[in-house]
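Survey of secondary and tertiary structure
Here's the letter readout for the chains.
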Amino acid sequence: MVQKIFIKTFGCQMNEYDSNRIYDSVKKIGFVKTNKYEEANCYLLNTCHIRDKAKEKVYHEIGRVKKIFRSKKKPLVIVTGCVAQAENQEILKREPYIDLIIGPQSYHKINNVILNHCKKKKVLETEFDAVSKFEYLSRIKNDSGKSSSFLTIQEGCDKFCHFCVVPFTRGPEYSRPFSQIIDEAKNLASQGSKEIILLGQNVNAYNDKGLKLSDLIFEIENFKEIERIRYTTSHPKDMTDDLINVYKNSKKIMPLVHLPVQSGSNKILKLMNRKHKIKEYLNIYEKLKKVNRNIEFSSDFIIGYPGENEEDFNDTLNLIKRIKFINSFSFLFSARPGTVAENLKLINRDTCLKRLKKVQECLAEHQLKKNKSLENKVIKVLVENQTKDKLNLFGRSEYLTSVILDGNIKYIGQIVNVQILRSNRNTLFGKIIKKFDKKVA
Ligand code: SAM
Ligand code: SF4
Ligand code: F3S
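For the rest of this paragraph, the subject is the overall build of the chain. Per the secondary structure count, the chain includes 14 helices and 22 strands. Computed over its C-alpha atoms, the radius of gyration of the chain comes to 22 Å, within 12% of the 22 Å expected for a compact globule of 441 residues. Referenced to the eigenvectors of the C-alpha coordinate spread, the extents of the chain come out at roughly 60 × 55 × 45 Å. In the chain, buried positions account for 57% of the 441 residues. A total of about 20400 Å² of accessible surface is found on the chain, and carbon and sulfur atoms cover 50% of it. Once the 79 positive and 51 negative side-chain charges of the chain are each reduced to a mean point, those two points are 4 Å apart.

As structure tokens, then:
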């Protein structure tokens, strides 16, 4: 009998990459992916622990599965990801419907864990073992099959920002061997990927025996099939000159720099243990703009961090006005278990909500202005797939903005010239005017 697996993914791009790689692995023991809950023999939930609601989402999801399968044979229920790592025993206690818990550093064991499941009742695999994981995964083909593919190059974090669970859920910083990454990139290129997004919780801290992220970008650039290279997520402390120079010398690096700043106030950055000041952030900004005026910045902001007063908040607003970030994310501070900030005195919730609204309005204003400035212009778009209703094509601009366009599905996987006809805050709408004439082997 065919075993069907339903995989649901929460959280960051690294979780998306992991879900795809988990599927590449379980295919070897006979699983086939399904998009329908009800026909699954195996339900896998890849979780995120970054903010509090994320954990509640997990229990909510399992509740839904329970309901769907009330009158059917129970599927094998597996929880992976950062909640699995952080709350392992706790989840098993709270939700006995779950059969297996597998943390992010144990995905190389997933096939054996599933096969052994019938013998044991509950299994918990939450060791930190990044080396074995990547060694195992590198022997299994990355079957992304997408025009834009993720490629994890680095995992874990040693920075211990006071608000963040990642050092606890993903373990210490680990950089994959350079040649292992290049082999995976080559394979992705041969399968039709046009864009590679290099991933890591601290992607610009990548270092394999002195080889850095800048070296990886230049090496991947040599694959003629690859036309776009991106990386995420970076820390300002690791934004070294060699990486800044990539923007001068690389033809394929995209001109959007995602560089989380979290706050515009030096006082708050210090309280957060971010290890840099605003002056250093602005210095990076100036250097990059000098290299290429067309570079835009996007960022992450945490609003309402304990200790944030009006003046600190205004510093954040002023930074946003100065840099004119596009495509950014802003979150309310959420106290996370095990972090230094867990028990700090929280700011009044209404004040936090008002500040978040203001920040989001300010970010939206810049985003809208940027999008409006593109109306009637022609931009390059990588067509990724069809829209859900199958009426249009969906792609992304060089700045990662969503673009909806009309056109034939034959354009999927190609970079095309698109005239922007109209726009709103989040999306550009346009029509293909001419196929981008760059030769693709
Ligand atoms: N490594 C990246 C960096 O140094 O900025 C961030 C990675 S983290 C997975 C993604 C984003 O989640 C962070 O940039 C931060 O804005 C947000 N985040 C992390 N912990 C949070 C918390 N406790 N409350 C609210 N947002 C949080
Ligand atoms: Fe979390 Fe990023 Fe700080 Fe690491 S550097 S602790 S991943 S916010
Ligand atoms: Fe979430 Fe873990 Fe990513 S906590 S944001 S899935 S690293």
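Don't stop here, the text continues.
Before going further, it helps to examine the packing of helix α9 (residues 213-221) against helix α10 (residues 241-249). Geometrically, a packed helix pair is captured by the angle between its two axes and the distance between the axes. The contact between α9 and α10 brings their axes to 8 Å, and the two run at 25°. Judged by the inter-axis angle, α9 sits roughly parallel to α10. Facing α9, whose interface residues are L213, S214, I217, F218 and E221, α10 presents D242, L243, V246 and N249.

Residues S330 and L332 line the buried face of strand β17 (residues 329-332), whereas the alternating positions F329 and F331 sit on a face that is not buried. Pairing of strand β16 (residues 300-303) with β17 involves 4 bridges; the strand directions are parallel. Across the sheet, F301 pairs through a bridge with S330, a residue of β17. Since β16 and β17 lie parallel, the crossover through helix α13 (residues 310-323) that links them has a hand, and here it is right-handed.

A few words now on the layout of surface pockets. Here the second largest pocket defines a volume of roughly 420 Å³. Taken together, 20 residues line the second largest pocket, and the ones lying closest to its centre are Q3, N41, K73, K74 and L76. The class makeup of the residues in the lining of the second largest pocket is 11 nonpolar, 3 polar and 6 charged.

The subject of this paragraph is the site of ligand 3. In the region of ligand 3, the neighbouring residues are C12, N15, T47, C48, H49, I50, C82, R170 and Q201. Among the residues making up the shell around ligand 3, the classes are represented as 4 nonpolar, 4 polar and 1 charged.

Before going further, it helps to spend a moment on the sheet that holds strand β13 (residues 228-232). Ordered by their spatial adjacency, 3 strands build an open sheet running β7-β10-β13, and the pairing between neighbours is parallel. Of all the strands in the sheet, the pair left with one neighbour each is β7 (148-152) and β13. The average angle at which neighbouring strand axes cross in this sheet is 20°, direction not considered. Strand direction decides the pairing type here: strand β10 (residues 195-199) and β13, joined by 5 bridges, are parallel. Its bridge partner lying in β13, L199 is registered against T232. The sheet contacts of helix α1 (residues 13-26) involve β7, β10 and β13, and relative to β7 the element is tilted by about 95°.

Position of R230 among the secondary structure elements: in strand β13. Its relative accessible area of 7% is what places R230 among the buried residues.

Here the focus is the side chain of R21. Within the fold, R21 resides in helix α1. In this structure R21 comes out as buried when scored by relative accessible area, which is 2%. Of the polar contacts made by the side chain of R21, one reaches the backbone oxygen of I140; its length is 3.0 Å. With residues near it in sequence (within four places) discarded, R21 still touches L137, S138, I140, K141, N142 and E184.

A word on empty space enclosed by the protein. Empty space among the atoms can be located by rolling a probe the size of a water molecule over them. Applying the stated criterion to the full structure yields 1 cavity of 30 Å³ or more. Considering only enclosed or pocket space, the largest cavity measures out at about 30 Å³ in volume. What lines the largest cavity is N204, K212, L213, S214, D238, T240, D242 and L243. For the lining of the largest cavity, the secondary-structure elements that each account for two or more residues are α9 and α10.

Moving on: α13. Taking 1.5 Å of rise per residue, 14 residues should cover 20 Å, and α13 covers 20 Å from first to last C-alpha, within 8% of that figure. Looking at the packing, one finds that the buried side of α13 touches α11 (266-271), α12 (278-291), β15 (296-298), β16 and α14 (349-373). After α13 finishes, the residue K324 shows a positive phi value of roughly 55°.

Let's shift gears to the site of ligand 2. Looking at ligand 2, the residues that line it are C157, K159, F160, C161, F163, C164, V166, P167, N202, H235 and R274. Its residues assigned to classes, the shell around ligand 2 comprises 7 nonpolar, 2 polar and 2 charged.

Cut-offs applied
Here the residue numbering is sequential within each chain, running from 1 through the sequence in written order. Each chain gets a letter, beginning with A, and each ligand a number, beginning with 1, in the order they are written. Where local features are concerned, this predicted model is filtered to residues with pLDDT of at least 70; where side-chain atom pairs are given and counted, the filter is 80 or more; whole-chain, interface and lining totals use all residues. Excluded from the side-chain calculations are hydrogens and water; all other atoms, namely the structure's heavy atoms, are used. Helix and strand labels come from DSSP, where a helix needs a run of H or I of at least four residues and a strand needs a run of E of at least two; each type is numbered from the N terminus. Radius of gyration here uses only the C-alpha atoms, and the compact-globule reference equals 2.2 Å multiplied by the residue count raised to the power 0.38. Throughout this description, buried means an accessible area under 20% of the type-specific maximum (1.4 Å probe, protein chains only), exposed means over 50%, and partly exposed covers the range between. Using a 1.4 Å probe, the Shrake-Rupley method yields the accessible areas, and only the shown protein chains count as cover for residues. Just so you know, the count uses Lys and Arg for positive and Asp and Glu for negative, and it drops His and the chain ends. Charged groups are reduced to one reference atom each: NZ for lysine, CZ for arginine, CG for aspartic acid, CD for glutamic acid. The angle between two axes is taken between their N-to-C directions and runs from 0 to 180 degrees, where each axis is a line fitted to C-alpha atoms and a helix contributes only its stretch in contact. Angular relationships are summarised with four words: roughly parallel below 35 degrees, roughly antiparallel beyond 145, roughly perpendicular across 65 to 115, and oblique for the angles in between. Residue contacts follow a heavy-atom distance rule, with two residues in contact if any of their heavy atoms lie within 4.5 Å. Strand pairing is assigned whenever DSSP detects at least two bridges linking the two strands. Handedness rule for crossovers: strands pointing away from the viewer, path from the first strand over the helix to the second running clockwise, crossover right-handed. Within this scheme a cavity is a closed region of a 1 Å grid, computed over the protein atoms alone, that accommodates a 1.4 Å probe without allowing it to escape, whereas a pocket is open but has protein on both sides within 12 Å along at least five of seven lines; lining residues each have an atom within 4 Å of a point. Grid points are joined across faces, edges and corners, and a volume is the space filled by probe spheres set on the points. Residue polarity is assigned by list, with Asp, Glu, Lys and Arg as charged and Ala, Val, Leu, Ile, Met, Phe, Trp, Tyr, Cys and Pro as nonpolar; anything else, Gly included, falls into the polar class. We call a residue near a molecule or strand whenever a single non-hydrogen atom of that residue lies within 4 Å of it. Within 3.5 Å is the distance limit for a polar contact, defined as a pair of N or O atoms, with the added protein rule that one can donate a hydrogen and the other accept it, and that residues adjacent in sequence qualify only through two side-chain atoms. Multiplying one less than the number of residues by 1.5 Å gives the expected span of a helix.

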